[in-house]
Amino acid sequence: MRTDGRGSWPGGRRRLGRVIGGSVSGGLEIRLDADVPVEEMSIGRFVTVEGDRRRFLCLVTDVKLRSVSDRVATVPPDYEDPFIARVMGGITTYGVLQVLPTLTLPENPDDPPEPVKTVPGHFSPAYDATPEDLKAAYGDEGKTDNFRVGSPLEMPDIPLCINIRRLVERSNGVFGKSGTGKSFLTRLLLLGIIRSGLASVLVFDMHNEYGWKAEDKERGIEVKGLRQLYGSSVVVFTLDEESSRRRGVTYDSVVEIGYNELEIDDLLLLAEPLNLSSRAPDLMAVLEREYGRDWLAWFLSLEDPQEREQLAKNLGFGMNVVNALYQSLSRLKQLSFLKPRADTRAVDLMLSYLKTGRSVVLEFGRTNDLLAYMLVANVLTRRIHRHYVEAKERFLGGVGEDPKPLVVVIEEAHKFLSPAVAHHTIFGTIAREMRKYNVTLLVVDQRPSGIDDEVMSQLGTRIVCSLDNEKDLESVLTGVVGRSELRNLLARLDTRQQALVLGHAVPIPTPVRVRDYDEHLYRSLKPRASAPEGGTIDLEKDLFGEW
Amino acid sequence: MTELDFRVGEVIETSTSRFVAHCYDLHGAPALGSLVRTGAPDRAVFGLVAGVSTTGIDPGRRPVARGRQETDPAEIFKKNPQLTRLFRTEFEAIIVGHADGGTIRQALPPTPPRVHDFVYLCRPDEAVRFTERLDFLALVLEQPAPAPADELIAAAVRQAAGHRPHPDEFLVRAGRELARLLALDPVRLQLLLRRLKHAD
Ligand SMILES: Nc1ncnc2c1ncn2[C@@H]1O[C@H](COP(=O)(O)OP(=O)(O)OP(=O)(O)O)[C@@H](O)[C@H]1O
Ligand SMILES: [Mg+2]
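Draft legend 1. Geometry of the overall build of chain B. When helices and strands are counted, chain B shows 8 helices and 7 strands. Rg of the C-alpha trace for chain B: 18 Å, near the compact-globule value of 16 Å for 200 residues, within the 12% margin. In terms of overall dimensions, chain B has C-alpha extents of about 55 × 40 × 35 Å along its principal axes. Within the span of chain B, comprising 200 residues, buried residues form 44% of the whole. Element-wise, carbon and sulfur atoms account for 53% of the exposed surface of chain B, whose accessible area totals about 10,700 Å². Chain B carries 26 positive and 26 negative side-chain charges, and their two centres are separated by 3 Å.

Here it is as structure tokens:
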């Protein structure tokens, strides 16, 4: 049980009040029974209204105080007197719940709930929603497709699930300002996805908090990462071997990237952090044409300014343009994982793991500056995506298997998906092509307003933690119905471990108190995926298997 | 005690919503707000004592003061035993329910009580059973009464509470019913509730 002081209801069903008015579009008003304390009702709770023929699952969107007439307020009762307070409470003055009817619950728990097309009659009774009601609407925790992400707000004992099958059908986003629990929530979602066996995940783990373990600075403890919980069905790659070793992380492979693997588009994505000049794209194009795939390694080897001057003459560019590009690109030399010519085995290995249905976490170690992150995420994702496209096309052509869906997780997503770059990056492409090639995104970001609108509107499910900025609030609600109520709900979320789930994976927009990431969670994760469990990985077989 | 001990008088004037009873004893009317019953058991009618009066029997003769030499008014009656026959005590009851076969309805009876029907003060258990339902409060609020209806209600509720093991619970229950009925008149409600409370 929780000990945070918020009331919880031990079993049984409590009547809250009766419907006194409302509409399908505007929601219902429920007058609270006199013995139900107004202060126990709060936004985000679920109530069930029993009409004559149907039961309606409703979400509380507002709590109001009413009196039977204005005179009551102008001649206030003598509430200091306990007798008068007891007698009058709930009668001349009373509480009203504004609720949004969200679904009609089926008679038979196996049938799906239906959207609301009518309202319950006047004076239909309303009750606290029960675990069964929630189960009917959000699915049963016991079924593979469903994963418990938390509970309704203020109803900590009731499980609330999202549908993983529907989640992985589209690209998704986790948003919220810093420290709201995005990383914890994302890790939780990934646990759910991997457990379901419905998709593999590839995490670009900028802050080393997904693979082996994560630090919970608030609580001063370490929590388990995907690898610890799922054994060899999760593989940890690192860009910074030394850091991983020092942190005691069990990693499987080290990733290096060759200059020859960088495409001009990859570098253009970094125009801002590299401070590329406006002439840089032309110059790079020419360099590539003249010197082939190894142009970058060669260019960066021109340490002597005279060599560069010679090059500028040869190519007909100004000396300052060449020098500026040289300065900019020299920053890449500081990235230890970049090699003039890399052993490409790491990327192939990564692919081969994904191919066998495993998930991959790539730790950045100390190389967690944005430049490295964007570069690596973009280069690797582009290559991996290409393989998926080929595999999928082969499959459609009748050869091989349909590749297992892949969810690519990126943080700081607005850097990859801003309107300026979304059309050039592989991430923009993946978001737009939906799941055509079985690859989708899970973007994690604290500045959703920085993300291109079109990309935002492609996100199937958005999970939104507390946000302050007006623009961010606007952008996460792009294209959602009932925005004003939802905004209201969003604005009132706690600043930690609470979120509003919108879209594909839930039947209706739903506020949740995110499940605690703790021992209890670990124990509940019995894998159901068909992915290999424990033991060593059979590389031979994995590497030479067919897509 | 026998039923006779609870008999207080006879109906001498009657209508659908109220009746007047003449008491057997001078000053022998039940307290304001008491529950009384009249009529045969199968068509019993219940009323609340809403006003009591004692007047001279002969309207032409005006009573005179007699107690100048006395220290206690009771002495006057001892020395002038005929006085008890020259005065009469009557009370008016507002009808709040009737027996309909085995059940009691808190509504006006189909036919009023009859003249010379005996009138009984309800026993505490009878009063408790009758006041389990509180619909009668609405009937009283709507009636013009000889005493202010709110006084009558306060008296009736306090009595009914007094017959119970947990008077406070009943006071709150009745108070809530009144709050519902008088929700639109907060000033009146407030005054009435204060009267209820001052019972204890
Ligand atoms: N589900 C949860 N279970 C337990 N603790 C949580 C949970 N969610 C959040 N927390 C607490 O909140 C802290 C911050 O969470 P987290 O690191 O996920 O935030 P964030 O939104 O990713 O922040 P940033 O934007 O800085 O990356 C955690 O260290 C942890 O103490
Ligand atoms: Mg984070």
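Having seen it, we continue.
Draft legend 2. Molecular detail of a nonpolar patch on the surface. A cluster of nonpolar side chains, namely V75 of chain A together with V187 and L191 of chain B, defines an oily patch on the protein surface of about 200 Å² accessible area. Relative to the helices and strands, V75 of chain A resides in the loop between α1 (70-74) and α2 (82-88).

Draft legend 3. Quick look at the packing of helix α6 (residues 149-162) of chain B against helix α8 (residues 186-197) of chain B. Residue and element names in this part refer to chain B. Where α6 meets α8, the axes come as close as 9 Å, and the angle between the chain directions of the two elements is 35 degrees. By crossing handedness, the relation of α6 to α8 is classed as right-handed. Contact residues: A149, D150, E151, I153, A154, V157 and R158 in α6; R188, L192, R195 and L196 in α8. A per-class count over the contact of α6 with α8 returns 6 nonpolar, no polar and 5 charged.

Draft legend 4. Inspection of the pattern of salt bridges at higher detail. Evaluated as defined, the whole model comprises 50 salt bridges over all chains. Between D216 of chain A and R219 of chain A there is a salt bridge whose closest N-O contact spans 2.5 Å. Classification of D216 of chain A as buried rests on a relative accessible area of 8%. Note that E132 of chain B and R164 of chain B form a salt bridge whose closest N and O atoms lie 2.7 Å from each other. Pair noted here: E132 of chain B is in the loop between α4 (124-130) and α5 (136-142) and R164 of chain B is in the loop between α6 and α7 (167-181), with a separation of 32 residues, a long-range link. For E132 of chain B, a relative accessible area of 41% puts it in the partly exposed group.

Draft legend 5. Region of the structure containing the environment of L332 of chain A. Residues and elements named next belong to chain A. Note that L332 resides in the loop between α13 (319-330) and β17 (338-339). Along the sequence, L332 and S151 sit 181 residues apart, while their C-alpha atoms lie 46 Å from each other. If we skip the residues at most four places from it in the chain, L332 touches Y259, L262, L267, L274, L296, L338 and L375.

Draft legend 6. The arrangement of the interface of chain A and chain B in detail. Listed as interface residues are 18 residues of chain A and, on the opposing side, 17 residues of chain B. Inspection of the region where chain A meets chain B yields 0 salt bridges. Linking chain A with chain B are 2 residue pairs in polar contact (both at pLDDT 80 or more). Counting residues per element, the ones that place at least two in the side of chain A that touches chain B are α1 and α2 of chain A. The dominant element in the side of chain A that touches chain B, judged by the number of residues it contributes, is α2 of chain A, at 5 residues. Its residues placed into classes, the side of chain A that touches chain B shows 11 nonpolar, 3 polar and 4 charged.

Draft legend 7. View of the packing of aromatic side chains. Residues and elements named next belong to chain A. For the structure shown, the criterion picks out 11 aromatic pairs over all chains. Between F46 and Y138 the ring centres are 5.9 Å apart and the planes differ by 75 degrees, which places this aromatic pair in the edge-to-face class. Here F46, found in strand β3 (residues 46-50), pairs with Y138, found in helix α3 (residues 131-138); they are 92 residues apart in sequence, far enough to count as distant. Their ring planes at 20 degrees and their centres at 4.1 Å tell us that Y291 and W298 sit as a pair that is stacked. Here a set of aromatic residues connected by ring pairs shows up, and it is made of F364, Y373, F416 and F427. Directly above the aromatic system of Y127 lies the positively charged group of R13, at a separation of 3.7 Å from the ring centroid. We note R31 situated over the ring of Y94; from NZ or CZ to the ring centre the distance is 3.7 Å.

Draft legend 8. Seen up close, the pairing of strand β3 (residues 35-38) of chain B. Residue and element names in this part refer to chain B. Neither face of β3 is left uncovered, since the one carrying L35 and R37 and the one carrying V36 and T38 both have all their residues buried. Alignment of β3 against strand β4 (residues 45-56), held across 4 bridges, turns out to be antiparallel. Bridging across to β4, L35 finds its partner in L48. Two successive antiparallel strands, β3 and β4, enclose a turn made up of 6 residues, where G39 displays a positive phi of approximately 85 degrees. Sheet topology note: the β3/strand β7 (residues 118-121) ladder contains 3 bridges and is antiparallel. Pairing of T38 across the sheet is with V119, part of β7.

Draft legend 9. Seen up close, the domain arrangement of chain A. All names here are of chain A. The assigned domain composition of chain A is domain 1 (15-138), domain 2 (163-256 + 343-529) and domain 3 (266-334). Here domain 2 and domain 3 have C-alpha centroids that lie 34 Å from each other. Surface buried jointly by domain 2 and domain 3 totals about 800 Å² across both partners, of which 73% is contributed by carbon and sulfur atoms. Interface area lost by domain 2 to domain 3 is led by L371, M374 and L375, which between them contribute 62%. The partner of R382 in a salt bridge is D266, and the shortest N-O contact between them spans 2.1 Å.

Cut-offs used in this document
- Residues numbered from 1 in each chain as written.
- Chains lettered and ligands numbered in written order.
- Predicted model: local features only at pLDDT ≥ 70, side-chain atom pairs only at ≥ 80, totals over all residues.
- Heavy atoms only, no water.
- Helix = DSSP H or I, 4+ residues; strand = E, 2+ residues; numbered from the N terminus.
- Rg over C-alpha atoms; globule rule 2.2 N^0.38 Å.
- Buried < 20%, exposed > 50% of the residue type's maximum accessible area, 1.4 Å probe, protein only.
- Areas by Shrake-Rupley, 256 points an atom, 1.4 Å probe, with all protein chains shown as cover.
- Lys, Arg positive; Asp, Glu negative; His and termini not counted.
- Charge placed at Lys NZ, Arg CZ, Asp CG, Glu CD.
- Patch = residues over 30% accessible without salt bridge, like charges linked within 9 Å, V, L, I, M, F, W, Y side chains within 5 Å.
- Salt bridge = Lys/Arg side-chain N within 4 Å of Asp/Glu carboxyl O.
- Axes fitted to C-alpha atoms, helices over the stretch in contact; angles between N-to-C directions.
- Left-handed = near helix turned anticlockwise from the far one by under 90°.
- Contact = heavy atoms within 4.5 Å.
- Nonpolar A, V, L, I, M, F, W, Y, C, P; charged D, E, K, R; others polar.
- Polar contact = N/O pair within 3.5 Å; in protein donor to acceptor, adjacent residues only side chain to side chain.
- Phe/Tyr/Trp six-rings, centres within 6.5 Å; stacked < 30°, edge-to-face > 60°.
- Lys NZ or Arg CZ within 6 Å of the ring centre and 35° of its normal.
- Pairing = 2+ DSSP bridges.
- Domains from an automatic or database assignment.
- Buried area = accessible area lost by both parts, 1.4 Å probe.

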